[in-house]
Each structure stands twice: as C-alpha cells, then as structure tokens.
Amino acid sequence: MRLHREGTTIMLTTALVLLGLNLSAYYFLFRENTTAMWLLGLVSLVIFVLIVQFFRIPKRAHTLDEKLVIAPADGTVVVIEETEETEYFKDKRRQVSIFMSPLNVHVNRNPLSGIVSYFRYYPGKYLVAWHPKSSTDNERTTVVIKQENGIEVLMRQIAGALARRIIWYVNEGDTVKQTEEMGFIKFGSRVDLYLPLDAKINVTMGQKTKGGVTVVAELK
C-alpha cells in the first residue's frame, strides 16, 4: 500500500498541529497529569491514522476489458435506475451511482479507455451526497469518455457535505486508459455513471465496489 500525493500537505499539517498541541499540553496544562497526556496522545494518534488511511492506495489487480465498465471508485452502490441525462446526452440512460464514505479509498479511476470527448467543472453547493439534487447543485465535474467504437459513458464526480475539493487529472481531448487515475475527491462524496440503455448492469443495490476492480456493466 502507498499514500496518495493529494494527502501530503494535509498529513504534514495534521502531524505538525497535533505535535504542537501535545507539546503545549505537556508544558502548560498536563505536565503533572500523566493520564491526561496519555489520553491526548491516544486521541491525536487516532486522528492522524484516520487522516492517513483516507489517502491510502491499496495494491490491486485491476480489471481490464474494453467491453466492460469498471467501478471508478470504492464505495456502495446507491442508485441503479433509468433516468434522463440532461447535460450532455439529453436522453435516457442507465444511471449507476456509488457513494464513498470518508472511510473509503477516494481515488477515482477511468471506467473505460478512450478519448475524453467532453469535460466540464461546476462549482456549487455541498449537499449530502445522497440528496436528490446533489448531482445538479453540488460542486462536480462531468467527464465523457468515448471508445473507438463510438460508445460514450458519462462519469460525474460529485462533492458531498464533507468533500470540499474535487481533483481531476483529465481534460477534453485527452486519451485515457481504463483503471488509471482520473481524479480524487477529498473526504466523502459520490460518483455517477450514465450508461447506454442496452448496457447489462452487473452490480446490485447496496453492493460494495472496489475502484478499478468491480465490473459495473457490460457494453453491447
């Protein structure tokens, strides 16, 4: 396992703040209270470990297949439905949404290989990720990847109530490869996929997904 570069500043800042807090407590508050110092040290360690684990990148054997749509994120499947996609396709699509809790790995990966035919970033609100309007009102990106055969899949990164920063590494016109990193969302959020109506959905409601591994759908 390795740690993601997006966490470097946050982890260093957290470590320095906690170190300063513990040193100040020792010299000015709890120098004669060993129990209080141990409790503060334990709480500080737990906080730091939680921050570090958020930026972990576990080693995995990724799934590669041009006929498959691979999960772009770790999380839980919270939406599987036919819906109207109004931004790009402007027609009906199969939507699959994955909710990422703060405890999940938050690297986002390309669900398939192809050309980024469309990209937009939208600043917005920070409604809870499962709110019905989060996909249209929250801070978000929209990425459409077009395969050589012309099939397009739309992926939307959506910030949640805790997620206040969406990172992306792709731009319109880029060539991307399946399961490679396309972005990162800090501290909990959601990813939506909009698939062709004839795509065979391979996940179920409530299923846990692994980014770069779980097969979300099969394309015709």
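Cut-off values and rules
- Residues numbered from 1 in each chain as written.
- Predicted model: local features only at pLDDT ≥ 70, side-chain atom pairs only at ≥ 80, totals over all residues.
- Heavy atoms only, no water.
- UniProt positions renumbered as here; feature names shortened; annotations may be inferred.
- Helix = DSSP H or I, 4+ residues; strand = E, 2+ residues; numbered from the N terminus.
- Buried < 20%, exposed > 50% of the residue type's maximum accessible area, 1.4 Å probe, protein only.
- Polar contact = N/O pair within 3.5 Å; in protein donor to acceptor, adjacent residues only side chain to side chain.
- Pairing = 2+ DSSP bridges.
- Contact = heavy atoms within 4.5 Å.
- Patch = residues over 30% accessible without salt bridge, like charges linked within 9 Å, V, L, I, M, F, W, Y side chains within 5 Å.
- Areas by Shrake-Rupley, 256 points an atom, 1.4 Å probe, with all protein chains shown as cover.
- Salt bridge = Lys/Arg side-chain N within 4 Å of Asp/Glu carboxyl O.
- Phe/Tyr/Trp six-rings, centres within 6.5 Å; stacked < 30°, edge-to-face > 60°.
- Lys NZ or Arg CZ within 6 Å of the ring centre and 35° of its normal.

Looking at an unreviewed UniProt entry, the protein carries the name Phosphatidylserine decarboxylase proenzyme, with the source organism given as Fibrivirga algicola. Here is the UniProt Subunit (unreviewed entry) comment for the protein, exactly as written: "Heterodimer of a large membrane-associated beta subunit and a small pyruvoyl-containing alpha subunit." Per its UniProt entry, the protein bears the Subcellular location (unreviewed entry) comment "Cell membrane".

> Just checking my understanding: could you explain the side chain of Glu85 for this structure?
Within the fold, Glu85 resides in strand β4 (residues 75–85). Accessibility expressed as a relative area gives 2% for Glu85, which makes it buried. Within the structure, Glu85 has its side chain in polar contact with the backbone nitrogen of Tyr88 (distance 2.8 Å). Of the polar contacts made by the side chain of Glu85, one reaches the side chain of Arg156; its length is 3.1 Å.

> Can you help me understand the pairing of strand β8 (residues 140–146) in this one?
Strand residues, when the strand is regular, have side chains that alternate between the two faces of the sheet. Where burial is concerned, most of β8 is hidden: 6 out of the 7 residues are buried. Pairing geometry for strand β7 (residues 114–122) and β8, over 7 bridges, is antiparallel. Looking at β8, one finds that Phe119 is bridged to Val143. In terms of strand pairing, β8 meets strand β9 (residues 152–159) through 7 bridges, oriented antiparallel. Paired with Lys146 across the two strands is Glu152, which belongs to β9.

> What should I look at first to understand unusual backbone geometry in this one?
Residues other than glycine predominantly adopt negative phi, and peptide bonds predominantly adopt the trans conformation. Positive phi values are uncommon outside glycine, yet Lys90 reaches one of about 60 degrees. Note on placement: Lys90 falls in the loop between β4 and β5 (91–100). You will see that Thr179, though not glycine, has its phi angle at about 75 degrees, which is positive. Here Thr179 is to be found in the loop between β11 (175–176) and β12 (181–185). Since its relative accessible area comes to 6%, Thr179 is described here as buried.

> When you look at the environment of Thr63 in this model, what are you seeing that I'm missing?
Tracing the chain through its elements places Thr63 in the loop between β2 (56–57) and β3 (68–70). Residues Thr63 and Thr179, 116 residues apart in the sequence, show an inter-C-alpha distance of 7.5 Å. Ignoring sequence-local partners within four residues, the contact set of Thr63 consists of Leu68, Ile70, Gln178, Thr179, Gly212, Val213 and Val215.

> Explain a nonpolar patch on the surface to me, please; I cannot follow it from the model alone.
A surface patch of nonpolar side chains, amounting to about 700 Å² of accessible area, comprises Leu19, Leu23, Tyr26, Tyr27, Phe28 and Leu29. Locating Tyr26 in the fold gives a position in helix α1 (residues 8–28). By relative accessible area, Tyr26 is classed as partly exposed at 34%.

> How do you make sense of the packing of aromatic side chains when you look at a structure like this?
One pass over the full model with this rule turns up 4 aromatic pairs. Judged by centre distance (5.4 Å) and plane angle (45 degrees), the ring pair of Phe119 and Trp168 falls under tilted. In this pair, Phe119 is assigned in strand β7 and Trp168 in strand β10 (residues 166–168), connecting sequence segments 49 residues apart. Each residue in the set Tyr88, Phe89 and Tyr118 is aromatic and connected to the rest through ring pairs, giving one cluster. Over the ring of Phe89 we find Arg93; its NZ or CZ atom is 3.7 Å from the centre of that ring. It is Arg140 that lies over the ring of Tyr122; its NZ or CZ is 4.4 Å from the centre.

> Is there a simple way to think about the sheet that holds strand β14 (residues 200–201) in this case?
Backbone-to-backbone hydrogen bonds join strands into a sheet, with any given pair of strands oriented parallel or antiparallel. What the 3 strands build is an open sheet, ordered β3-β16-β14; its pairing is antiparallel. Either end of the sheet is taken by a strand with one partner, and the two such strands are β3 and β14. In this structure, β14 lies alongside strand β16 (residues 215–218), joined through 2 bridges in antiparallel fashion. Bridging across to β16, Lys200 finds its partner in Glu218.

> Please explain the sheet that holds β11 as it appears in this structure.
Across the sheet, 8 strands lie side by side as β11-β7-β8-β9-β13-β5-β4-β15; this open sheet has antiparallel pairing. Each edge of the open sheet carries a strand with a single partner, namely β11 and β15 (208–209).

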